[in-house]
Protein chains: 2
Amino acid sequence: MKRYRGLIVDLDGVVWREGKPIQENVEALRILHETGAKIVFLTNNSTRSRRLYSQLLTSILGFNVKPEDVVTSAYAAAKWLKENMGTSKVYVVGEEGLVEELLREGHAVVTLTEARSCRADVVVVGLDRNLTYKKLLIAHTLIKWCGKPYIATNIDATVPMENADMPGAGAILAALEKSTGRKPVYVTGKPDPWIVEIAMLQLKLDKKEVLLVGDRLDTDIKAAVKLGIDSLLVYTGVARPQDVAKSSIKPTYQAKNLLEGIRLLKLA
Amino acid sequence: MKRYRGLIVDLDGVVWREGKPIQENVEALRILHETGAKIVFLTNNSTRSRRLYSQLLTSILGFNVKPEDVVTSAYAAAKWLKENMGTSKVYVVGEEGLVEELLREGHAVVTLTEARSCRADVVVVGLDRNLTYKKLLIAHTLIKWCGKPYIATNIDATVPMENADMPGAGAILAALEKSTGRKPVYVTGKPDPWIVEIAMLQLKLDKKEVLLVGDRLDTDIKAAVKLGIDSLLVYTGVARPQDVAKSSIKPTYQAKNLLEGIRLLKLA
C-alpha cells in the first residue's frame, strides 16, 4: 500500500448489501489486509454489538477482525455519554447491540418501572425493531415531563433491505421530536465527525495516511470532508454517479467498487 | 336559546379534561339541552367509536346522546374513504374505534399477511397505543413500496393526560412521513373544515344558527373560522387568554367556561 496506511470502511453498501457480501469489495479488503493495511470498520447501525460484528466480519473476510476494529454508533453513544455525563442510568429505545455497548462502558440500563418514575439520567434512541407504543410513551415522558436529555445513535430515515427498506432510527426519532418538541442533545452516527475520530484513534495514524471508504455522500463522505480525511466513494450501495454531480459533497475519489478503487489508487 | 339553535361541542377540554367531567361545562350542556338546543359532539380522538362515546356522554350528561350525535375523526376517515375511493380494503394503524367506524361504512380491514403482499387499497393512520415496529414497517412498506395512498385521522402531536401528555397520532405520522418521504393524501380531523361540515349535516341548521365550542385555537377555532361559523373559546382546556392575543386565529367569543359563555351570549 502506497500513501494510505489505514482505511476506515463503512459496512452496509461496502462490505455487504442487503445482508449479502459484495464480492469485489471483500476481495479488495483481503488484498489490502495482506499488504499490511490497518482497517477499521465503521457503521451507523446500532442494533449489533462490536463483538457480533467482529465475528461476522472475521467469517466473511477470512482474516481476524477484533471488536476494537469495529466502531458503531451504539459504541460511540456509550463513549459520548461517559465522556460528557459520566457513567449514567440510561433508558434505551434500541436493541441488544446498543444495550451491550452501554453496559460495557459502565452505564446502567434502567427498567420500565424505574423509567416511569423518572429514575433515569438520559434516554438513548436507536433503531428498535421491538419498538412498542409503551416504549415510546416512556421515552416521551422522560424527555418532556422528567426533563431528561436524550441522544440518538443516528438520524437515518431508513435501513436498506432486499428490494425495499424499513424505518430507521430517524423515523423513531421523528415521532419523539414531534411529541416532545425537543431535539436530541447529540447524534453520534455519521455524518457527525466524532465517530470517525474514534476510528482514527484506533488506527493511530496521521490523517494523511487514512482513506475513508463509503457508499453514501450524506453520511460517509460528508463525515470525511468535515474531518479533512480523503475519501473513496464506491458505487456498490446507495449513491449513484449522478448524485455526485448534483451534490455539494464531493469525495476525493470515486470507483465502481473497492477493487477498482485500490487499482486506481495503486494501493495494492 | 336565542340566535344559536345548534352547538358543535369539542370533547377533550370541554366536556372532560384528563378523563374527568368539567362540571361547569356539563351543567351548561344540560341547560342548553333543556332549552331544546341541538348538540353534536366533535372530536379528533379516533380511538373510541361513536357508539362508545354516545354511551359515555349519555351517562355523564344525563340526557340521551345518540351515536349520530357524535362525529369523530375516525368516522370522518371512514366517510372520506367511501366518498373518495369507494368501499376499500384498509390497513389500519389505529385502535378499535377506528376499525369499528371503517367496518360500519362497509370497508374491509386487511390482516398483516394480506398487507405484507400489498393486498390493501389504502392505509389509515390514527393514534394506536398498541403500536409496534411491525405495524409501522407494514404501513411503511404499503405506502413506499406498494405505492398505496394513506390518510390520517389527525395530526395532533400529543394527547393530554393528567399532569402530562402522551404521543398522539401526529407522532406516529411523523415516523411514517420520515421513513416513506410521503405525506398523507388527506387528514380528516380538525382543523380540516370537512369534519365540521359532517357535524353541520347532522344539525340540519343554517350556518348562522350554529356555534362551535372548543378549547383550542389551532384545531377547534381554526376549523370554525375556515367554515365561517361563530365560535366560543372556553378556557377549560389547552388555550389561555394570552394565546388569543398572540394568535392570528380569533374566536367570535371567549369565556372562562361554557356556563359563563351561555350567560354572556344569553343562550339560556
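Parameters at a glance
- Starting from 1, residues in each chain are numbered consecutively following that chain's sequence as written.
- Chains carry letters from A onward and ligands carry numbers from 1 onward, assigned in written order.
- Per-residue local features of the predicted model are confined to residues with pLDDT of at least 70, and side-chain atom pairs are confined, for both listing and counting, to 80 or more; whole-chain, interface and lining totals are unaffected and use all residues.
- The basis for every side-chain value is the complete set of non-hydrogen atoms in the structure, without hydrogens or water.
- Where each domain starts and ends comes from a domain assignment, either automatic or drawn from a database.
- Residues count as neighbours in contact if any of their non-hydrogen atoms are within 4.5 Å of one another.
- Reported buried area values correspond to the accessible surface (1.4 Å probe) lost by two parts on association, with both partners' losses combined.
- Whenever a nitrogen or oxygen atom comes within 3.5 Å of another N or O atom, the pair is scored as a polar contact, on the condition that within protein one atom can donate a hydrogen and the other can accept it, and that pairs from neighbouring residues in sequence are kept only if both atoms are in side chains.
- Salt-bridge detection follows one rule: a side-chain nitrogen of Lys or Arg within 4 Å of a carboxyl oxygen of Asp or Glu.
- The copies were overlaid with a least-squares fit restricted to C-alpha atoms from residues scoring a pLDDT of at least 70 in each copy.
- Under the scheme applied here, a residue whose accessible area is under 20% of the maximum for its type counts as buried, over 50% as exposed, and between as partly exposed, the area being computed with a 1.4 Å probe on protein chains only.
- Strands here are runs of E lasting at least two residues and helices are runs of H or I lasting at least four, both read from the DSSP assignment and numbered beginning at the N terminus.
- Each pair of strands is called paired provided DSSP finds at least two bridges between the two strands.
- For helices, the fitted line uses only the C-alpha atoms of the stretch in contact; every axis is such a line through C-alpha atoms, and the angle between N-to-C directions lies from 0 to 180 degrees.
- Nonpolar core, defined: a set of buried Ala, Val, Leu, Ile, Met, Phe, Trp, Tyr and Cys residues in which side-chain atoms within 4.5 Å join the residues together.
- Within a predicted model, pLDDT stands for the predictor's per-residue confidence, ranging from 0 to 100.
- Given the number of residues in a helix, its expected span is that number minus one, multiplied by 1.5 Å.

Engineer: Give me the domain arrangement of chain A: which residues, what numbers.
Structural biologist: Residues and elements named next belong to chain A. Looking at the assigned domains, one finds that chain A contains domain 1 (6-44 + 191-264) and domain 2 (74-187). A straight line from the C-alpha centre of domain 1 to that of domain 2 covers 27 Å. Between domain 1 and domain 2, the contact holds nine residues from the first and 13 residues from the second. Overall, the association of domain 1 and domain 2 removes approximately 1,000 Å² of surface from exposure, summing both partners, and the carbon and sulfur fraction of that is 56%. It is E18, N44 and W194 that lose the most area in domain 1 upon contact with domain 2, and together they represent 51% of the buried surface on that side. One can count three residue pairs in polar contact (both at pLDDT 80 or more) joining domain 1 with domain 2.

Engineer: Describe the interface of chain A and chain B, naming the residues involved and giving the relevant values.
Structural biologist: Each partner contributes to the interface: chain A provides 26 residues, whereas chain B provides 26 residues. At the boundary of chain A with chain B, total buried surface from both sides reaches about 2,100 Å², with 70% on carbon and sulfur atoms. Counting every contact that joins chain A to chain B gives two salt bridges. The shortest N-O distance in the salt bridge between K144(A) and D165(B) comes to 2.8 Å. Here chain A and chain B share 10 residue pairs in polar contact (both at pLDDT 80 or more) between them.

Engineer: Hey, could you go over the relation of the copies chain A and chain B for me, with residue numbers and the actual values?
Structural biologist: Placing chain A over chain B gives an RMSD of 0.0 Å and needs a rotation angle of 180°, together with 0.0 Å of translation along the axis. Both copies of the chain, as the preceding transformation shows, are related through a two-fold rotation axis. Judged by C-alpha distance, T132(A) is the residue of chain A that lies nearest the rotation axis, at 2.2 Å. A shared interface surface links the copies, since 100% of the contact residues of chain A are contact residues in chain B too.

Engineer: An account of the pairing of strand 1 (residues 6-10) of chain B is needed here, citing residue identities and associated values.
Structural biologist: Residue and element names in this part refer to chain B. Of all five residues in strand 1, five are buried; the element is thus mostly enclosed. Here strand 1 shows no split at all, with G6, I8 and D10 on one side and L7 and V9 on the other all buried. Sheet topology places strand 1 next to strand 13 (residues 210-214); four bridges connect them, and they run parallel. From the neighbouring strand, V9 faces strand 13, where its bridge partner is V213.

Engineer: Before we move on, can you summarise the sheet that holds strand 6 (residues 89-93) of chain B with the specific residues and values?
Structural biologist: Residues and elements named next belong to chain B. Taken together, the five strands give an open sheet; going across it, the order is 7-6-8-9-12, and neighbouring strands pair in parallel fashion. Each edge of the open sheet is held by one strand with a lone partner, namely strand 7 (108-109) and strand 12 (186-187). On top of the sheet, helix 3 (residues 73-85) reaches strand 6, strand 8 (122-125), strand 9 (150-152) and strand 12; it is set at about 160° to strand 8, its chief contact. Across the sheet, helix 4 (residues 96-104) touches strand 6, strand 7 and strand 8, and the angle it forms with strand 6 is around 165°.

Engineer: I'd like to hear about unusual backbone geometry, residue by residue, with values.
Structural biologist: P191(A) follows K190(A) through a cis peptide bond whose omega is 15°. Position of P191(A) relative to the elements: it lies in the loop between strand 12 (186-187) and helix 8 (194-203). Within the chain, C118(A) stands out as a residue other than glycine whose phi angle is a positive 65°. Structurally, C118(A) is set in the loop between helix 5 (112-116) and strand 8 (122-125). In this model, K266(B) sits at a positive phi of 50°, which is unusual for a non-glycine residue. Among the structural elements, K266(B) can be located in the segment after helix 11 (258-264). The class of K266(B) is exposed, set by a relative accessible area of 56%.

Engineer: Just give me the short version of the sheet that holds strand 15 (residues 253-255) of chain B, but keep the residues and values in it.
Structural biologist: All names here are of chain B. In spatial order, the strands read 5-4-1-13-14-15; together these six strands make up an open sheet with parallel pairing. What marks the edges here is a single partner per strand, and that holds for strand 5 (70-72) and strand 15. Ignoring strand direction, the axes of neighbouring strands in this sheet form an average angle of 20°. Here helix 2 (residues 50-61) sits on the sheet and contacts strand 4 (38-43) and strand 5; the angle it forms with strand 5, its principal contact strand, is near 135°. Sheet strands touched by helix 9 (residues 217-227): strand 1, strand 13 and strand 14 (230-234). Its angle to strand 14, the strand with the most contacts, is close to 160°.

Engineer: Can you lay out helix 8 (residues 194-203) of chain B for me, pointing to particular residues and giving the numbers?
Structural biologist: Residue and element names in this part refer to chain B. Burial within helix 8 is extensive, with seven of its 10 residues counted as buried. Residues W194, I195, V196, I198, A199, M200 and L203 constitute the buried set of helix 8. Downstream of helix 8 by one or two residues, K204 has phi in the positive range, about 50°.

Engineer: I'd like a description of the nonpolar core, backed by residues and values.
Structural biologist: Counting residues in hydrophobic clusters, the biggest one holds 51 residues, and the most contacted among them are Y91(A) and Y91(B). Each residue touching Y91(A), except ones within four places of it in the same chain, is listed here: V110(A), L112(A), A115(A), A120(A), V122(A), V123(A), V124(A), K135(A), I138(A), A139(A) and L142(A).

Engineer: Got a sec to walk through the confidence of the model for chain A? Specific residues and values, please.
Structural biologist: Low-confidence regions, as indicated by low pLDDT, have predicted coordinates that should not be scrutinised in detail. Confidence in the prediction for chain A averages 96 pLDDT; 99% of positions are at 70 or higher. Here the complex is predicted with pTM 0.94, and the ipTM for its interfaces comes to 0.93.

Engineer: Give a description of helix 3 of chain B that names residues and reports values.
Structural biologist: Residues and elements named next belong to chain B. Under the 1.5 Å per step criterion, the end-to-end length of helix 3 is 17 Å for 13 residues, consistent within 8% with the ideal 18 Å. Looking at helix 3, one finds that the buried residues are S73, A74, Y75, A76, A77, A78, K79, W80 and L81. The first or second residue beyond helix 3 is G86, which carries a positive phi of 75°.

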